[in-house]
Amino acid sequence: MRVDYMTLQKTIAALTEGETDTISLMATISCEVHHSDDRFDWTGFYRVTAPDLLKIGPYQGGHGCLVIPFARGVCGAAARTGQVQLVPDVDAFPGHIACASSTRSELVLPVFDGSGTLIGVFDIDSNQPDAFTRQDADALAGILQDVFAR
């Protein structure tokens, strides 16, 4: 099953309308995105909880790493640079943190609030190599912006 981003966007918009609690929004997005596509094996947020530090937030899938410094891994790179990280082969990514040994590719998007402050990253792992596309990144970035930067 492949995600229909138009339907996913509409579903998330309807479910999150009027909600302002960040954790509730993260939980809803994690659930909806995770169940929208067979490529998505781990789907969730890491929240900025201190300077240069991410801690696990709402997610779907197996256990995730609890703490990730900005200086390490794909999630850290997204947080540190504020740029989407589209990684076709996690083994080729310098400093990759193997929270799950089954992960082969990863897509991580920085998440900003309405004032432009980084509040976390949205991480999707796949057990398939080269599972993600620029279309995935662009569509998910739009959903995240609609929900968190309003």
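Quick caveat: nothing in here was measured; it's all calculated off a predicted structure.

Participant: Got a sec to walk through the sheet that holds strand 3 (residues 67–69)? Specific residues and values, please.
Facilitator: With antiparallel pairing, the 6 strands of this open sheet are ordered in space as 3-2-1-6-5-4. Two strands close off the open sheet at either side, each with one partner strand: strand 3 and strand 4 (85–87). The sheet shows a mean angle of 25° between the axes of neighbouring strands, direction not considered. As paired strands, strand 2 (residues 53–60) and strand 3 are joined by 3 bridges and run antiparallel to one another. Residue pairing for strand 3: leucine 53 is matched across the bridge by proline 69. On the sheet, helix 3 (residues 73–81) packs against strand 1 (42–50), strand 2, strand 3, strand 4, strand 5 (105–112) and strand 6 (118–126) and is oriented at approximately 30° with respect to strand 5.

Participant: Describe helix 4 (residues 134–148), and please don't skip the residues or the numbers.
Facilitator: Relative to the 21 Å expected for 15 residues at 1.5 Å per residue, helix 4 spans 21 Å between its end C-alpha atoms, a close match to the ideal helical length. Structurally, helix 4 contributes buried residues whose contacts are with helix 1 (5–16), helix 2 (22–34), strand 1, strand 5 and strand 6. At the N-terminal boundary of helix 4, the capping side chain belongs to threonine 133, with an oxygen 3.3 Å from the backbone nitrogen of glutamine 135.

Participant: Can you explain unusual backbone geometry? Please cite residues and give values.
Facilitator: The residue aspartate 52 is not glycine, and still its phi comes out positive at about 60°. Of note, the phi angle at aspartate 130 is positive, near 50°, even though the residue is not glycine. Summarising the element assignment, aspartate 130 is placed in the loop between strand 6 and helix 4.

Participant: I'd like a description of the environment of alanine 141, backed by residues and values.
Facilitator: Here alanine 141 shows up in helix 4. Through-space distance from the C-alpha of alanine 141 to that of proline 110 is 8.3 Å; in sequence the pair is 31 residues apart.

Participant: Can you tell me about the state of the cysteines, naming the residues and giving the values?
Facilitator: Joining two cysteines, a disulfide is a covalent bond between their sulfur atoms. Counting across every chain of the model gives 1 disulfide. The thiol of cysteine 31 is unpaired, and the distance to the nearest cysteine sulfur, on cysteine 75, comes to 19 Å. You can call cysteine 31 partly exposed: its relative accessible area is 28%. Between cysteine 75, a free cysteine, and cysteine 99, which holds the nearest cysteine sulfur, the sulfur-to-sulfur gap is 7.1 Å. Given a relative accessible area of 4%, cysteine 75 falls into the buried group.

Participant: Provide a residue-level description of the packing of helix 1 against helix 4, including the pertinent values.
Facilitator: Two elements in contact, helix 1 and helix 4, have axes separated by 10 Å at closest approach and are oriented at 15°. Judged on the interaxial angle alone, helix 4 and helix 1 are roughly parallel. Handedness of the helix 1/helix 4 crossing: right-handed. Counting all contacts with helix 1, which are made through Tyr5, Leu8, Gln9, Ile12 and Thr16, the residues of helix 4 involved are Gln135, Asp136, Ala139, Leu140, Ile143, Asp146 and Val147. Here the residues of the contact of helix 1 with helix 4 are counted per class, giving 7 nonpolar, 3 polar and 2 charged.

The rules behind each value
- Residues numbered from 1 in each chain as written.
- Predicted model: local features only at pLDDT ≥ 70, side-chain atom pairs only at ≥ 80, totals over all residues.
- Heavy atoms only, no water.
- Pairing = 2+ DSSP bridges.
- Helix = DSSP H or I, 4+ residues; strand = E, 2+ residues; numbered from the N terminus.
- Axes fitted to C-alpha atoms, helices over the stretch in contact; angles between N-to-C directions.
- Contact = heavy atoms within 4.5 Å.
- Expected span 1.5 Å × (residues − 1).
- Polar contact = N/O pair within 3.5 Å; in protein donor to acceptor, adjacent residues only side chain to side chain.
- Disulfide = S-S within 2.5 Å.
- Buried < 20%, exposed > 50% of the residue type's maximum accessible area, 1.4 Å probe, protein only.
- Parallel < 35°, antiparallel > 145°, perpendicular 65-115°, else oblique.
- Left-handed = near helix turned anticlockwise from the far one by under 90°.
- Nonpolar A, V, L, I, M, F, W, Y, C, P; charged D, E, K, R; others polar.

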